[in-house]
Amino acid sequence: AQSVAQPEDQVNVAEGNPLTVKCTYSVSGNPYLFWYVQYPNRGLQFLLKYITGDNLVKGSYGFEAEFNKSQTSFHLKKPSALVSDSALYFCAVRDTGFQKLVFGTGTRLLVSP
Amino acid sequence: GAGVSQSPRYKVAKRGQDVALRCDPISGHVSLFWYQQALGQGPEFLTYFQNEAQLDKSGLPSDRFFAERPEGSVSTLKIQRTQQEDSAVYLCASTLRETDDGYTFGSGTRLTVV
């Protein structure tokens, strides 16, 4: 069965500092990995995905994520956080041969001025 | 339209009432998904359509939940005899093909059962 873990309920960072939001996954095949962001009363917005290729994936709004197969991780990163990055972030995985995405429980990112 | 459209945006139902939630996917998108997001939780998969065929309904929590997509475009999620535990945001997503695309989500329908 496919699963995703986001170990931190909340991450606090000061504006201008780098941020990391952690995600680990479990699949039986090759993982397709995604990050989504959710603002209050909004749907999920796609940030980036890893399917194959370079382990460092670049996405929207300056975010990037690093795929680490040995650690089964896909941490979301940004070199310099903005207050407007404050939102709820979800990691998701899709296993080979399956269509549905399985989401983590989410990490709330709070960027202080 | 440019995005996935869901209606109504908010729905309050009395316990025992039937509700129908609508999803208009992006035109031409083959795959359509329904998710349930309880307060403070991540989205949980309910069901998946490829065109008009419902290929996976393993996430539907009970036989009170029913989804259809008769013409391969608009989809309706119906909940019969609503219960308080059905209160959640119901998200619809679509994707062009059944591969590795990032799914496009609608803004959701917030269902409150009182």
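Engineer: Please explain the overall build of chain B as it appears in this structure.
Structural biologist: If you tally the helices and strands in chain B, you get 0 helices and 11 strands. Walking chain B from its N terminus toward its C terminus, one meets helices and strands in the order β-β-β-β-β-β-β-β-β-β-β. The C-alpha atoms of chain B give 13 Å as radius of gyration, which agrees with the globular expectation for 114 residues (13 Å, within 12%). For chain B, the residues scored as buried account for 45% of the 114 residues in total. Counted over contacts in chain B with a minimum sequence separation of 6, partners at least 24 positions apart contribute 53%. As displayed, chain B offers around 5400 Å² of accessible surface, 46% of which is attributable to carbon and sulfur atoms. Put simply, chain B has 12 plus and 13 minus side-chain charges, and the middle of one group is 9 Å from the middle of the other.

Engineer: Looking at this structure, I do not really get the state of the cysteines. What am I missing?
Structural biologist: Throughout the structure, instances matching the rule amount to 2 disulfides over all chains. There is a disulfide in this structure between Cys23 of chain A and Cys91 of chain A, and the S-S distance comes to 2.0 Å. Looking down the S-S bond of the Cys23 of chain A and Cys91 of chain A bridge, the torsion is -60 degrees, so its handedness is left-handed. Note that Cys23 of chain A is positioned in the loop between β3 (19-21) and β4 (24-26) and Cys91 of chain A in strand β10 (residues 87-95), a separation of 68 residues in sequence. The exposure class assigned to Cys91 of chain A is buried, which follows from its relative accessible area of 0%. Here Cys23 of chain B engages in a disulfide with Cys92 of chain B; their sulfurs sit 1.9 Å apart. Because the torsion about its S-S bond is -65 degrees, the bridge between Cys23 of chain B and Cys92 of chain B counts as left-handed.

Engineer: Help me out: how do you make sense of unusual backbone geometry in this one?
Structural biologist: Both trends apply: most residues other than glycine have a negative phi, and most peptide bonds are in trans. With an omega of -5 degrees, the peptide bond running from Ser7 of chain B to Pro8 of chain B counts as cis. Turning to its location among the elements, Pro8 of chain B is positioned in the loop between β1 (5-7) and β2 (10-13). Even without glycine at this site, Tyr61 of chain A takes up a positive phi of about 60 degrees. Topologically, Tyr61 of chain A is positioned in the loop between β7 (56-58) and β8 (64-68). Overall, the relative accessible area of 52% leaves Tyr61 of chain A in the exposed class. One non-glycine residue, Arg81 of chain B, lies in the positive phi region at around 50 degrees. Here Arg81 of chain B shows up in the loop between β8 (75-79) and β9 (88-95).

Engineer: So what exactly am I meant to see when it comes to the interface of chain B and chain A here?
Structural biologist: A common way to report how large an interface is uses the accessible area buried once the components associate. With 24 residues of chain B in contact, the opposing surface of chain A contributes 19 residues. Carbon and sulfur atoms supply 50% of the area that chain B and chain A bury against each other, a total of about 1600 Å² over both sides. Linking chain B with chain A are 0 salt bridges. Our count for the contact surface shared by chain B and chain A stands at 3 residue pairs in polar contact (both at pLDDT 80 or more). Ranked by the residues each element gives to the side of chain B that touches chain A, the list is headed by strand β4 (residues 31-37) of chain B, at 3 residues.

Engineer: Please explain the pairing of strand β3 (residues 19-24) of chain B as it appears in this structure.
Structural biologist: Walk down a regular strand and you will see the side chains alternate between the two sheet faces. Residues and elements named next belong to chain B. Burial along β3 is one-sided: Val19, Leu21 and Cys23 are buried, and none of Ala20, Arg22 and Asp24, which face the opposite way, are. Sheet analysis places β1 next to β3, joined by 3 bridges and oriented antiparallel. Following the sheet pairing, Gln6 is matched in β3 by Cys23. Sheet topology note: the β3/β8 ladder contains 5 bridges and is antiparallel. Looking at β8, one finds that Ala20 is bridged to Lys78.

Engineer: Would you mind going over the packing of aromatic side chains with me for this structure?
Structural biologist: Geometry of an aromatic ring pair is reported as the spacing of the ring centres plus the angle between the planes. Here the structure, examined in full by the defined rule, presents 17 aromatic pairs over all chains. The interplanar angle of 85 degrees and the centroid separation of 5.4 Å between the aromatic rings of Tyr36 of chain A and Phe105 of chain B together place this pair among those described as edge-to-face. Taken together, the residues span two chains, with Tyr36 of chain A in strand β5 (residues 31-38) and Phe105 of chain B in strand β10 (residues 104-105). In this structure, Tyr36 of chain A and Phe105 of chain B share a single accessibility class: buried. Ring centres of Phe103 of chain A and Phe105 of chain B lie 6.0 Å apart, and the angle between their planes is 75 degrees; this geometry places the pair in the edge-to-face category. Note that Phe103 of chain A is positioned in strand β11 (residues 102-103) and Phe105 of chain B in strand β10, a pairing that runs across two chains. Three or more aromatic residues joined by ring pairs form one cluster here, namely Phe34, Tyr36, Phe46, Phe90 and Phe103 of chain A together with Phe33, Tyr35, Phe45, Tyr48, Tyr103 and Phe105 of chain B. Over the ring of Tyr10 of chain B we find Arg9 of chain B; its NZ or CZ atom is 5.4 Å from the centre of that ring.

What counts as what
Residues numbered from 1 in each chain as written. Chains lettered and ligands numbered in written order. Predicted model: local features only at pLDDT ≥ 70, side-chain atom pairs only at ≥ 80, totals over all residues. Heavy atoms only, no water. Helix = DSSP H or I, 4+ residues; strand = E, 2+ residues; numbered from the N terminus. Rg over C-alpha atoms; globule rule 2.2 N^0.38 Å. Buried < 20%, exposed > 50% of the residue type's maximum accessible area, 1.4 Å probe, protein only. Contact = heavy atoms within 4.5 Å. Areas by Shrake-Rupley, 256 points an atom, 1.4 Å probe, with all protein chains shown as cover. Lys, Arg positive; Asp, Glu negative; His and termini not counted. Charge placed at Lys NZ, Arg CZ, Asp CG, Glu CD. Disulfide = S-S within 2.5 Å. Buried area = accessible area lost by both parts, 1.4 Å probe. Salt bridge = Lys/Arg side-chain N within 4 Å of Asp/Glu carboxyl O. Polar contact = N/O pair within 3.5 Å; in protein donor to acceptor, adjacent residues only side chain to side chain. Pairing = 2+ DSSP bridges. Phe/Tyr/Trp six-rings, centres within 6.5 Å; stacked < 30°, edge-to-face > 60°. Lys NZ or Arg CZ within 6 Å of the ring centre and 35° of its normal.

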